[in-house]
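# Survey of secondary and tertiary structure
What follows is each chain in one-letter form.
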Amino acid sequence: MSAPRIELKPVMECALGSPVGQLRAAPVGLGAGAPRAFLVAYAADFDVDPYHEMFFFPTDTLKLVLFDTRGRELWRRDLGKGVVPGLWFCPFLPFDLDGDGVDEIWFVNNLEPRHPLGLSHYRLERLDAATGRTTGQWPWPAKGPAQSISHMYRNFLLGGHVRGEPVLVTAQGTYGDMFLQGWRPGLAARWETVIARDAPGARGSHQTPVVDLDGDGCDEFFWGERCLRFDTGAEVFCADADSYRGHSDVIQPLLDRHDGRWYFYTCRESEDRSAPRVALYDDRGRRVWGALERGHIDMGWVAHLRGELGLAAMAIRIGKKTCGPDGRFHQDMERFAYDARTGRSVELPFDPYMSVPVDLDGDGWHELYRGQAGVDVGGEVLDATGRILADVKGHEALACKFCDLPGEQLLIFDAAGALRVWADERAEDRDAARARYAHPFYAANRRLTGTGYNLRTLGGL
């Protein structure tokens, strides 16, 4: 099976007008007949992490800018000195909670610029997506006793549906006490779930994928290796609840195209001698396979790769990680790859470090983009054999379909503040790709790219 030829070209270019050290982006739905658009959140500093050994005082403020996919700036907001420019301090989520067919922009604001860590001034804020104007503010839930800043400032936003009704979830915590709240349209309380730091089972994750596991029209979401219901906040299952109470960096649902069932893949960070360190579970939380006996597994993905590899899973074990104003750095890395269905160890013909699966040509198989902000990694586009297809010289912010073009696209930014959308001019959407784009999982998880490390969840569909 020969690989198709890919010819990438920039289909949109614009400038933010200032240096960029961090940038997140997510597609925004402006309604029928409106242009396609995406929101970016950016600042000159690298992402500020709440862990005390990684935290630093920022020199810049976080800005929100909405662009259409022709490069036209629709509006801009500077969030000021009260908002710490970091994704765990200030997640954002485009989500249509009122059901009018147009997304609202939800984010965590701080109304007191003199006290950027003053939780009593934090607000859940809603913006009109077309204008950027504030249309509502509510107190951000600040639950539980005082904790370390690494535990206290871990904020999440996610959205799903229960028999067609939208549900917004706000959440706090990752490693200790964890608090989650479900909201109806109009911000009426729907449910509240508390997971105490000493509760059995896994902690949270940096990913919160949304998926309707049983196909009943009611979404579930993963909070670490726990699966919770959007309907009630109740737990469906917690994988390895009797044997693992640590934190997993990666939670990635995957749909097996052969049996039509959902599974989920996990890469574990903490409790580094609690085996296995990488594992696949079925849609009831039962382990299918596990691998590696020890170590901090910091990165991973699943992807449909053309050729013999098929549905592959990747994991990277690290010895040490540092992070600060100059970026994020990993030492003593080891790469592992598996047949995602069986757990059989396989060899990847490329270095998967800082790579993202993306189907640029629309054939239903993933290429890989390699280049992230804050690390010294290229900007190359690779095929599944490791052949370099293009060098787009920048850092990835989006890798999904967000333009009216065949295939998926890449939104790339550079340190000078230039934004470019790259697309394959030879792309043609095949049946498998069209099925992915139409799947509710695809739409739900595309929008989560402003809330955490969720983008790679799309590789499993």
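Check the entry above for the structure.
Residues numbered from 1 in each chain as written. Predicted model: local features only at pLDDT ≥ 70, side-chain atom pairs only at ≥ 80, totals over all residues. Heavy atoms only, no water.

### A few points about the overall build of the chain
Each helix and strand counted, the chain has three helices and 33 strands in total. Relative to its length of 461 residues, the chain is compact, with a C-alpha radius of gyration of 20 Å against a globular reference of 23 Å. Counting only C-alpha atoms, the chain reaches 60 × 50 × 45 Å along its principal axes. Relative to its full complement of 461 residues, the chain shows a buried share of 63%. Considering only contacts in the chain between residues 6 or more positions apart, those separated by 24 or more positions represent 55%. (Helix = DSSP H or I, 4+ residues; strand = E, 2+ residues; numbered from the N terminus. Rg over C-alpha atoms; globule rule 2.2 N^0.38 Å. Buried < 20%, exposed > 50% of the residue type's maximum accessible area, 1.4 Å probe, protein only. Contact = heavy atoms within 4.5 Å.)

### Remarks on the sheet that holds strand β1 (residues 8-15)
Across the sheet, four strands lie side by side as β1-β33-β32-β31; this open sheet has antiparallel pairing. With one partner strand each, in any of the chains shown, β1 and β31 (395-400) form the two edges of the open sheet. This sheet shows a mean twist of 20° between the axes of neighbouring strands, independent of strand direction. Sheet topology note: the β1/strand β33 (residues 418-424) ladder contains seven bridges and is antiparallel. Bridge pairing links Leu8 to Asp424 in β33. (Pairing = 2+ DSSP bridges. Axes fitted to C-alpha atoms, helices over the stretch in contact; angles between N-to-C directions.)

### Description of the sheet that holds strand β10 (residues 155-162)
The four strands lie next to each other as β10-β11-β12-β13, forming an open sheet whose pairing is antiparallel. Unpaired on one side and paired on the other, β10 and β13 (189-195) mark the two borders of the sheet. Averaged over all neighbouring strand pairs, the angle between strand axes comes to 20°, with direction disregarded.

### Let's talk about the nonpolar core
In a soluble, globular protein the nonpolar side chains are often hidden away together inside. Formed by 53 residues in total, the largest nonpolar core has its most connected members in Leu16, Leu23, Val40, Val381, Leu410, Leu411 and Leu419. Beyond its immediate stretch of four places on either side in the chain, Leu23 contacts Leu16, Val40, Ala41, Tyr42, Ala397, Phe413 and Leu419. Judged by nonpolar contacts, the second largest core, of 40 residues, contains Val108, Met178, Leu180 and Leu448. (Core = buried A, V, L, I, M, F, W, Y, C linked by side-chain atoms within 4.5 Å.)

### Concerning the packing of aromatic side chains
Inspection of the entire model under this criterion finds 19 aromatic pairs. Judged by centre distance (5.4 Å) and plane angle (80°), the rings of Trp88 and Tyr453 are edge-to-face. Placement of Trp88 in the loop between β5 (73-78) and β6 (92-95) and of Tyr453 in the segment after α3 (440-446) is noted, with a sequence separation of 365 residues between them. For Trp88, a relative accessible area of 0% gives the class buried. An angle of 20° between the planes, with centres 5.9 Å apart, marks the rings of Phe237 and Phe264 as stacked. Of the two residues, Phe237 is situated in strand β17 (residues 235-238) and Phe264 in strand β19 (residues 262-268); the sequence distance between them amounts to 27 residues. By relative accessible area, which is 1% here, Phe264 ends up buried. Feature note: the residues Phe55, Phe57, Phe89, Tyr122 and Tyr153 constitute an aromatic cluster, connected by ring pairs. For the cation-ring pair, Arg268 lies above Tyr244, with the distance from its terminal atom to the ring centre recorded as 3.9 Å. (Phe/Tyr/Trp six-rings, centres within 6.5 Å; stacked < 30°, edge-to-face > 60°. Lys NZ or Arg CZ within 6 Å of the ring centre and 35° of its normal.)

### Examining the pairing of strand β18 (residues 248-255)
In terms of burial, β18 is largely enclosed, as eight of its eight residues are buried. Pairing geometry for β18 and β19, over seven bridges, is antiparallel. Residue pairing in the sheet places Val250 in a bridge with Cys267 of β19. In this structure, the hairpin formed by β18 and β19 is closed by a connection of six residues, where Gly260 is found at a positive phi of approximately 75°.

### Brief notes about the environment of Arg72
Inspection of the secondary structure assignment puts Arg72 in the loop between β4 (63-68) and β5. Residues Arg72 and Gln22, spaced 50 residues apart in sequence, show a C-alpha to C-alpha distance of 21 Å.

### Details of the state of the cysteines
Counting across every chain of the model gives zero disulfides. Cys400 carries a free sulfur, and the closest cysteine sulfur to it, the one in Cys403, is 9.0 Å from it. Taking relative accessible area as the criterion, Cys400 reaches 0% and is therefore assigned buried. (Disulfide = S-S within 2.5 Å.)

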